[in-house]
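Commentary on secondary and tertiary structure
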Amino acid sequence: MAGRRVALKAIDWLAFAERVPPSQKSMFNALKTRSDAIAAKLASLPETPAPIDWAFYKSAVTKPGIVEEFEKKFKALQIPEPVDTQTSIINEQEIESNAKGLAFIEESKVRVAQYEKELDKLKNMIPFDEMTIDDLNEAFPETKLDKVKYPYWPHRSISEL
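So, how was this worked out
Residues numbered from 1 in each chain as written. Predicted model: local features only at pLDDT ≥ 70, side-chain atom pairs only at ≥ 80, totals over all residues. Heavy atoms only, no water. Helix = DSSP H or I, 4+ residues; strand = E, 2+ residues; numbered from the N terminus. Rg over C-alpha atoms; globule rule 2.2 N^0.38 Å. Buried < 20%, exposed > 50% of the residue type's maximum accessible area, 1.4 Å probe, protein only. Contact = heavy atoms within 4.5 Å. Phe/Tyr/Trp six-rings, centres within 6.5 Å; stacked < 30°, edge-to-face > 60°. Lys NZ or Arg CZ within 6 Å of the ring centre and 35° of its normal. Patch = residues over 30% accessible without salt bridge, like charges linked within 9 Å, V, L, I, M, F, W, Y side chains within 5 Å. Areas by Shrake-Rupley, 256 points an atom, 1.4 Å probe, with all protein chains shown as cover. Salt bridge = Lys/Arg side-chain N within 4 Å of Asp/Glu carboxyl O. pLDDT = per-residue confidence, 0-100.

Across its full length, the protein carries seven helices and zero strands. Starting at the N terminus and ending at the C terminus, the protein contains elements arranged as α-α-α-α-α-α-α. The C-alpha atoms of the protein give 36 Å as radius of gyration, which overshoots the globular expectation for 161 residues (15 Å, by more than 25%). Considered along the principal axes of its C-alpha atoms, the protein spans approximately 110 × 35 × 25 Å.

With respect to the helices and strands, the residue N137 is situated in helix α7 (residues 133-139). In this structure N137 comes out as buried when scored by relative accessible area, which is 18%. Residues in contact with N137, not counting those within four places in the same chain, are T143 and K144.

Within this structure, the stated rule accounts for six aromatic pairs. Here the aromatic rings of F56 and Y57 are separated by 5.4 Å at their centres, their planes lie at 70°, and the arrangement is edge-to-face. What makes F56 partly exposed here is its relative accessible area of 47%. What links up through ring pairs into an aromatic cluster is the set W13, F16 and F28. It is K121 that lies over the ring of F140; its NZ or CZ is 5.9 Å from the centre.

Time to look at a nonpolar patch on the surface. On the surface, I52, F56, Y57, V61, F74, L77 and I79 cluster together into a nonpolar patch covering about 700 Å² of accessible area. With respect to the element layout, F74 can be found in helix α5 (residues 66-76).

A word on the pattern of salt bridges. In this structure the tally under the stated criterion is six salt bridges. As a salt-bridge pair, K32 and D36 come within 2.9 Å of each other at their nearest N and O atoms. You can see K32 and its partner D36 sitting in helix α3 (residues 25-44), four residues apart, about one turn around the helix. A relative accessible area of 36% places D36 in the partly exposed class. Of the charged contacts, one joins K109 and E106 as a salt bridge, the two residues approaching to 3.9 Å between their closest N and O atoms. With K109 and E106 both in helix α6 (residues 87-123), this residue pair falls three residues apart, about one helical turn. Residue class for E106 comes out partly exposed when judged on its relative accessible area of 47%.

The next point concerns the confidence of the model for the protein. When pLDDT is averaged along the protein, the result is 88, and 94% of the positions lie at 70 or above. The secondary-structure element of the protein with the lowest mean pLDDT is helix α1 (residues 2-8), recorded at 49, while α6 shows the highest, at 96.

Turning to its location among the elements, D12 is positioned in the loop between α1 and α2 (13-18). Note on D12: relative accessible area 51%, which makes it exposed. Distance in space between the C-alpha atoms of D12 and K41 is 19 Å, their sequence separation being 29 residues.

Looking at the secondary structure, you find S35 in helix α3. Separated by 24 residues in sequence, S35 and I11 place their C-alpha atoms 9.7 Å apart.

Right, here's the structure in full:
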């Protein structure tokens, strides 16, 4: 049973290690060491616990009936295995996160394309020391001063400053 449980919950430590930032490597190594120790301890345990020798206890315990009572209660004891209620929720969250991640990647590709166009524009632009005011206003329209609408310095609305 222990071997079966370990096999079901195996962790891909290499994939996990690739996602750990360098600042958290020591914590990751501590987690892996602790997990390996627990897995080794679990693997060393037998599949089924050793049976209780009730005959030995009947001969060793002097109070009559107590061992029979314990044996009866022990055999009646049923410990249910916990029901897994979280895996489906986690799987749904994983699907949702993957969808959000793919959407973010697509949005990022669009932004990267825009930034590359902007970068090409800046690379092919006249050097600043050779620009005239008209060239600057053409390259960067936000720098153009509206002297008709705002005839006094700074030729902009106070709220824009």
